[in-house]
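Listed below, chain by chain, are the residues.
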Amino acid sequence: MIELSRAVYDDIVYHAYGGGEAEICGVLAGTHGTDGEPSVVTDTYRAENVAETPQIRYLIDPEEQFELIEAIEEDGLDVVGFYHSHPTGPTHPSETDAARATWPDHSYVICALDGYPFVGSWRWRGDDDGFEQETVSVQGER
């Protein structure tokens with residue numbers, strides 16, 4: 001399970017809407033849950049999508065990703081996972097998402113905007129096991 005604060009949930013959705021036709025992306029930070037414990041996301045760190053075709057792909061520049069991870073660790077937080085949007089795509093990870101996932105046991109949150117916004121999350125279990133959908137819980141006030 002992954003728990004998102006209300007502010008994190010809202011930030012992901014508003015970031016996705018602000019991206020227009022392009023996918024948006026970023027890093028999720030908080031407490032990384034292991035051994036059945038939920039991950040708790042308290043902060044988002046927005047990244048620039050540098051993919052050649054941002055309407056259907058996302059890519060965080062490796063240097064920017066390294067800088068974001070350093071900032072997260074300096075803030076005393078764990079990298080919980082990553083998020084991106086599917087402006088017109090599916091509400092689940094695409095084949096490309098699976099091919100590019102590289103952080104086992106971390107969450108990959110997708111905000112799909114084809115109609116009403118849908119925020120779902122999947123844990124990457126590795127190349128052989130792929131993605132496993134996890135429950136998303138939103139905590140806090142609106």
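Here the structure is a predicted model, which is why all the values come from computation and not from measurement. (Residues numbered from 1 in each chain as written. Predicted model: local features only at pLDDT ≥ 70, side-chain atom pairs only at ≥ 80, totals over all residues. Heavy atoms only, no water.)

Enquirer: I'd love a proper account of the environment of Ile-2, names of residues and values included.
Expert: Position of Ile-2 among the secondary structure elements: in strand β1 (residues 2-5). Under the relative-accessibility criterion, Ile-2 is labelled buried at 0%. Spatially, the C-alpha atom of Ile-2 lies 9.4 Å from that of Val-109, the residues being 107 residues apart in sequence. (Helix = DSSP H or I, 4+ residues; strand = E, 2+ residues; numbered from the N terminus. Buried < 20%, exposed > 50% of the residue type's maximum accessible area, 1.4 Å probe, protein only.)

Enquirer: Got a sec to walk through the UniProt feature "domain: MPN" (unreviewed entry) in the protein? Specific residues and values, please.
Expert: This chain's UniProt record puts "domain: MPN" (unreviewed entry) on residues 2-128. The span residues 2-128 is 25% helix and 33% strand, and its two end C-alpha atoms sit 22 Å from each other. (UniProt positions renumbered as here; feature names shortened; annotations may be inferred.)

Enquirer: If you had to explain the pattern of salt bridges to someone new, which residues and values would you point to?
Expert: Should their charged atoms come close, side chains of opposite charge can pair. In the structure shown here, the tally under the stated rule is six salt bridges. Put simply, Arg-6 and Asp-10 hold a salt bridge, and the shortest N to O gap is 3.5 Å. Linking Arg-6 with Asp-10, this pair stays in helix α1 (residues 6-18), spanning four residues, or about one helical turn. Where Arg-46 meets Asp-11, a salt bridge forms, and the shortest distance between an N and an O atom there is 2.7 Å. Of the two residues, Arg-46 sits in strand β3 (residues 39-47) while Asp-11 sits in helix α1, which places them 35 residues apart along the sequence. Through salt bridges that share partners, Asp-105, Arg-123, Arg-125, Glu-132 and Glu-134 make up one connected network. (Salt bridge = Lys/Arg side-chain N within 4 Å of Asp/Glu carboxyl O.)

Enquirer: A description of the sheet that holds β3 should follow, citing residues and the corresponding values.
Expert: The strands making up a sheet associate through backbone hydrogen bonding, with each pair oriented either parallel or antiparallel. The eight strands are arranged β7-β6-β5-β4-β2-β3-β1-β8 in an open sheet whose pairing can be described as mixed. The open sheet terminates on both sides in strands that have one partner only, identified here as β7 (131-134) and β8 (136-139). Averaged over all neighbouring strand pairs, the angle between strand axes comes to 35 degrees, with direction disregarded. Sheet topology note: the β1/β8 ladder contains four bridges and is parallel. Paired with Glu-3 across the strands is Ser-137, a residue of β8. Along the sheet, α1 contacts β1, β2 (25-31), β3, β4 (78-86), β5 (107-112), β6 (118-124) and β8; its crossing angle with β3, the most-contacted strand, is approximately 30 degrees. In the packing of helix α2 (residues 62-74) onto the sheet, contacts are made with β2, β3 and β4, and the angle to β3 comes to roughly 140 degrees. (Pairing = 2+ DSSP bridges. Axes fitted to C-alpha atoms, helices over the stretch in contact; angles between N-to-C directions. Contact = heavy atoms within 4.5 Å.)

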